[in-house]
Amino acid sequence: MEQSTGKHKVVGYWFNEQKCQKFGVQDLEATCRRRGIQLVKIDMNSPLDDQGPFDLVLHKVTVLYAQALNNNGKAANAINMFENYIKKHPETFVMDPLPGVHKLLLRNQTYELLHQRFRYDEKIFTPTYAELSSRNVKENAEIVKQASVTFPVVCKPVTGGGGVEAHEMAVVFNEMGLSEFRLPCVAQSFINHGAVLYKLFVLGPVWFVIVRPSLKNFYAGVDGCFGFNTLTEQETVYFNSSNVSKADSQSPLTQLDPGDMEDELPKADPAVFNRIVTNLREALNMDLLGIDVVIDSNTGKYGIIDVNAFPSYDSVPNLMEHLVDLLVMRMDHPAPESIKQTPENKKIPTFTTCDHPQEDSGVDTG
Ligand SMILES: Nc1ncnc2c1ncn2[C@@H]1O[C@H](COP(=O)(O)OP(=O)(O)OP(=O)(O)O)[C@@H](O)[C@H]1O
Ligand SMILES: O=P(O)(O)O[C@H]1[C@H](O)[C@H](O)[C@H](OP(=O)(O)O)[C@@H](OP(=O)(O)O)[C@@H]1O
Ligand SMILES: [Mg+2]
C-alpha cells in the first residue's frame, strides 16, 4: 500500500497492555489529535500491511523479544512480522530503530557497549561485570577475578527488558552466593552511591533527570582487625528492582545505614549527564532511552548501571507534548538530526544534594 497521502500523519503504535495502561495512551492519543496526527493501535496478531500505511511506528517490542528468547512462538511470529514490515516499508520511520533496541535486550551486551563507549572517560564508567552460566564455585571465582569484579556484586538475569523475572536480582557478598543465583546471569560490581539514583529520561534532543531512591551502601565483610576483605558468610540479599528504584519505593533496602548518613552526597553535574546522553544516543541511534546513573561515593565518578529502551518517563513534565514534538520532528525530517549535537536539555537542572529521597524529587528547575 502507498504511504499515507492524506494531509494528516498516521502513527502506528504497539506497547504491551501493561504499558498501554501505565503510559497513558489516551493522553498520547488526545495530544496527537490536537496536533492533527492519527494514532493507530497496531494488532500484532494481524497482518501489518492491512493496518498501515504508517508515517511512523512507535513501539516497545523489547518484551516480545524477551518472550521470543524464552521460546514463546507467538511472540517470535509477531517479531518476524514486525521486522518484515519494517524492511518492506523504509518510508516508515521506526521509533526506535531495531538495531539499537537489539543492543539493549541482553544485559551483558549492554554493559559491553557501555564499557567500550566510556573506557577512556575519566569521569564516566560502567561497573565491571562477568557473565556466569555455571554453578561451579571455583569456576565462577576465577571468572569474576579475571573480569576484575569486586564483591559485593549485583546478580541480574542476562535477559533485560520484559517480564517480572527480568527484574529479580540479588546483592551477593561471596563466591558461594554466586552459585545460588538463577543462571545465566551477569554479576556486576556493586557501586556504593548513597542510595540515590539519577534516571536520565531521553526524548530525542531533550532529556530530563529524575532523582529516585536506590539501594543503600553495601560492604563485603572486612576483617575488623586487619581490614582485609574477608569474604564473610553475609547472606545474599534478594530483591526485585521494581521495589527499590521507583518514585514511591519505600524498601528498607533503600534506607542508608546510620554510618553512611553523614556522608555528603556529591552535587551532580548536568554536563556529565549531557555527555552520557550524547554518547549513548550516538552509539544506539535511539531517541527513547532511560539511562540509570549513580555517583560512586568513593571516587565521585558517574557509573552507568543500566540502559532501557522506552522507559516510563515517570515525573517528566509535559511528557506527551515532548513526545509528540519528537514524532512530528521525525516524520518531517526522518533522517535523525546529527546526534553529535549536544542534546538540548530543556531543563538544565540545578541539584540540591538529595539526602535520602523517599519520593521522586523530580528535579525540575525551569
Ligand atoms: N552495580 C550496581 N551498583 C549499585 N546499585 C546497583 C547496581 N546495579 C543495580 N543497582 C541497584 O538496583 C536497581 C535495579 O538495577 P537495574 O536498573 O539494573 O535493574 P532493572 O530491572 O534493569 O531496572 P529497571 O527498572 O530500570 O529496568 C538500581 O536502580 C540500583 O538501585
Ligand atoms: O520508571 P522506570 O523508567 O525506571 O521503569 C521502567 C523500567 O526502567 C524498564 O524500562 C521497564 O521496562 P522493561 O525493562 O521492559 O520491564 C519499564 O516497564 P514498562 O512496562 O513501562 O515498559 C519501566 O516503566
Ligand atoms: Mg534500571
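The name recorded for the chain in an unreviewed UniProt entry is Inositol-tetrakisphosphate 1-kinase, from Scylla paramamosain. Reading the Sequence similarities (unreviewed entry) entry of the UniProt record for the chain gives the comment "Belongs to the ITPK1 family."

**Topic: the coordination of the magnesium ion (ligand 3)**
Bound to the magnesium ion (ligand 3) are the protein donor atoms Asp292 (OD) and Asp306 (OD), situated 2.0 Å from the metal. Of this pair, Asp292 sits in strand β13 (residues 288-295) while Asp306 sits in strand β14 (residues 302-309); the two residues are 14 residues apart in sequence, bridging distant segments of the chain. Asp306 matches Asp292 in its accessibility class, with the two residues each being buried.

**Topic: the packing of aromatic side chains**
Enumeration over the complete set of coordinates arrives at twelve aromatic pairs. Relative to Phe310, the ring of Phe23 lies with its centre 5.2 Å away and its plane at 85°, an arrangement referred to as edge-to-face. Of this pair, Phe23 sits in helix α1 (residues 17-23) while Phe310 sits in the loop between β14 and α11 (319-332), and the two are 287 residues apart along the sequence. Here the aromatic rings of Tyr198 and Phe273 are separated by 5.4 Å at their centres, their planes lie at 45°, and the arrangement is tilted. On the criterion of sequence distance, the pair formed by Tyr198 in strand β10 (residues 196-203) and Phe273 in helix α10 (residues 270-284) is long-range, its members being 75 residues apart. Considered together, Tyr198 and Phe273 belong to a single accessibility category, that of buried residues. One aromatic cluster in this structure is built from Tyr13, Phe15, Phe23, Phe201, Phe310 and Tyr313.

**A look at the site of ligand 2**
Looking at ligand 2, there are 14 residues lining it, with Lys60, Lys199, Arg212, Lys246 and Ser312 nearest. Arg212 has a polar side-chain atom sitting 2.8 Å from an oxygen atom of ligand 2. Residue Asn308 places a side-chain N or O atom 3.2 Å away from an oxygen atom belonging to ligand 2. Protein burial of ligand 2: of its 500 Å² of free accessible surface, 89% is covered by the chains. Residue assignment for the shell around ligand 2 shows that the elements contributing at least two residues are α1 and β10. For the shell around ligand 2, the leading source of residues is α1, giving three residues. Split into classes, the residues belonging to the shell around ligand 2 amount to two nonpolar, six polar and six charged. Residue-level mapping places the shell around ligand 2 at the junction of two domains, with at least three residues from each of domain 1 (9-95) and domain 2 (103-352).

Cut-offs and rules
Residues numbered from 1 in each chain as written. Chains lettered and ligands numbered in written order. Predicted model: local features only at pLDDT ≥ 70, side-chain atom pairs only at ≥ 80, totals over all residues. Heavy atoms only, no water. UniProt positions renumbered as here; feature names shortened; annotations may be inferred. Donors = N, O, S within 2.8 Å, 3.2 Å for Na, K, Ca; no water. Helix = DSSP H or I, 4+ residues; strand = E, 2+ residues; numbered from the N terminus. Buried < 20%, exposed > 50% of the residue type's maximum accessible area, 1.4 Å probe, protein only. Phe/Tyr/Trp six-rings, centres within 6.5 Å; stacked < 30°, edge-to-face > 60°. Near = heavy atom within 4 Å. Polar contact = N/O pair within 3.5 Å; in protein donor to acceptor, adjacent residues only side chain to side chain. Areas by Shrake-Rupley, 256 points an atom, 1.4 Å probe, with all protein chains shown as cover. Nonpolar A, V, L, I, M, F, W, Y, C, P; charged D, E, K, R; others polar. Domains from an automatic or database assignment.

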